[in-house]
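# Residue-level structure breakdown
These are the residues of each chain, in order.
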Amino acid sequence: MKETKLSRRAFLGLGATAAVAAGAAGLAGCAPQQGAGTASAEGNGGSGSAAASSVSPTNYTPDFLTPPEVPTDIKEEKDCDVLVIGMGLAGTAAAKEAAEAGKKVIVLEKQPEDSYSVISMAGDFGVVGSQIQKDLGIEWAPKADIMNEYVKETGGRCDTWMMSYWYDHSGEDFDWFIEGADYEVLKSTAANRETDKPNFIRPKCFPKLETYDYKEEVYPYFHGTITTNPNMQWACEAAFNAALAAGAELIYEAEGEQLIKEGDAVVGAYAKTKDGYLKVNAKATVLCCGDYGANTEMRHYYAPWTEEFMGGVDDGRGQLMGIWAGGWMELGPHAPMTHHMGGALGVDSFLQLNMEGKRFMNEDVPGQNIADEHTRQPVAKDPELAKAGVKSWQIFDSKWPEQIIHMPDGHGYTTYFVPDDKIAEYETVLSGFGLGYTTQAMVDEAADVKCDTLEELAEKTGLPYDTMKAEIERYNELCHNGLDEDFGKMSKRMFPVENPPYYACKFGNAGMLVMFGGLECNHDLQVTKDGTNDPIPGLYVAGNTMGRRLQVDYPVVVAGISLATALSFGRLAGKNAAAAV
């Protein structure tokens, strides 16, 4: 078999974690399975997975690291000062900033104009100090507390300069981004709408739950996030309408494919259109093409530990264009955003039993960390539950309405019980998703199991009765003693399961929204050369295509930190790109 040499950027991108995993697996686990865009072993006939799996991860280069041929079918050519590839949140901010700086801007977007949309469900903006927040009286925790928590939860691998920039600039960036939009601002999370405007902003978890003190939490949540409703589409529309008004040109159904280089510098890009290739000559180019979560081969290569999660939005084209132009992927471990939103009561800290009927964790952790805990749990013996990826059952009893007020405040939690005679007062919040308020009817409908005996609970969940009963009895004993000797859960969230009816909710594998892991860049958001901190002239990056934001895991310390940093660094990339030309 002929040795295939690994490029420096490929080796650095692989990361120590993947290399160690490969060594433990006999050098087979890191080689992608044969398929489109996957390397095969030379001299072995390219015979599918057998060929790929026989190649050491230090002796092969996956096909996706090899740039495609330079297009020759050029149907049209355009010139601009700043080229933005991708019109998501970050790309829209970059285009608006550069256009308002008086530069000639072209934006390429692969979606058709008549169906273009940003992420439909997204709307949480973890911004600090916007005028909207000031008017509502929202105050964030001290900067040092938030910075230190991010450093801790990402194993020291987040770029704290980046986080500091977010804290200092995101509020004014948000105000700038939504200029000209028409919307209503709700006075609190639970406030009803007072106008018929289709667009509105809701503060998240505001006012803060009185029983919540972030300083005593293992995984603290910091309050201040505001949410665009029904999603962030209208906010983005306001920004790219402003970019258009400032002279930007938006080209739909134009998919950026490859950057153009002259020497070390990037001087534009080729885009594939339905009519052939478009060549755009640019003095500065900003990559805002999203994540690589939908590219299974890139995930297998850079982050094989994420393969159990389904999801991801984009195919990594932005990262690949940057690599082909001489950049490199940041070192791992890359962080998947795997929010688990839980069951009928969200991710509240009630008892969890795995599919063997055993308690296995301190349940007082956010949804991201619940997903992490589930990766180590056994698969259900029931074929249907196994196929559905169910890893545990959340179990609570009829006392839940008086207990949820003691649960954590924040993303994915349910903390407010609304009695039937008060439902009309909470119409807007009860019609939302995962906003912390619920009713008896809502829980009865959402719970997978509701029954009156432990025997029936075992039968309906498929858990072994004797084991389940023993675990519940042990848990109840710990609850009554006020001390979790087994897993260390906070005593004020230890609620026994002893008052029927009993409820059970399936906790399956979390979906992955975004795969954090991007191009290495400097603090001016210039993509840096392979293995160095020297910038590639003319090339900038923002949003989920950039590195340096989060590593190891995606903390839910601040709800909406992803959107907030995409906005702020999109604007910063546009500012720096415009200033350079």
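Structure shown above.
No experiment lies behind these values; they were computed from the predicted model shown.

Our next topic: the overall build of the protein. When helices and strands are counted, the protein shows 17 helices and 20 strands. Of all 581 residues assigned to the protein, the portion counted as buried reaches 57%. Within the protein, contacts between residues separated by at least 24 positions form 72% of all contacts whose residues are at least 6 apart in sequence. Of the roughly 23,000 Å² of accessible surface on the protein, 49% is carried by carbon and sulfur atoms.

Residues apart from glycine generally show negative phi values, whereas peptide bonds are mostly found in trans. Cis geometry is found at the peptide bond from Phe206 to Pro207, where omega equals 0°. With respect to the secondary-structure elements, Pro207 resides in the loop between β5 (200-203) and β6 (226-229). Cis geometry marks the peptide bond from Gly332 to Pro333; its omega dihedral reads 0°. Tracing the sequence through the fold places Pro333 in the loop between α9 (317-324) and β11 (335-337). With a phi close to 65°, Leu525 is a non-glycine residue in the positive phi region. In this fold, Leu525 is placed in the loop between β18 (514-516) and β19 (526-528). For Leu525, a relative accessible area of 0% corresponds to the buried category. Phi is positive for Val552, close to 70°, though the residue is something other than glycine. The residue Val552 is located in the loop between β20 (535-541) and α17 (561-579) in this model.

What follows is about the environment of Glu179. Residue position: Glu179 is located in the loop between α6 (160-177) and β4 (184-185). Side-chain polar atoms of Glu179 contact the side chain of Lys96, separated by 3.4 Å.

Calculation criteria
- Residues numbered from 1 in each chain as written.
- Predicted model: local features only at pLDDT ≥ 70, side-chain atom pairs only at ≥ 80, totals over all residues.
- Heavy atoms only, no water.
- Helix = DSSP H or I, 4+ residues; strand = E, 2+ residues; numbered from the N terminus.
- Buried < 20%, exposed > 50% of the residue type's maximum accessible area, 1.4 Å probe, protein only.
- Contact = heavy atoms within 4.5 Å.
- Areas by Shrake-Rupley, 256 points an atom, 1.4 Å probe, with all protein chains shown as cover.
- Polar contact = N/O pair within 3.5 Å; in protein donor to acceptor, adjacent residues only side chain to side chain.

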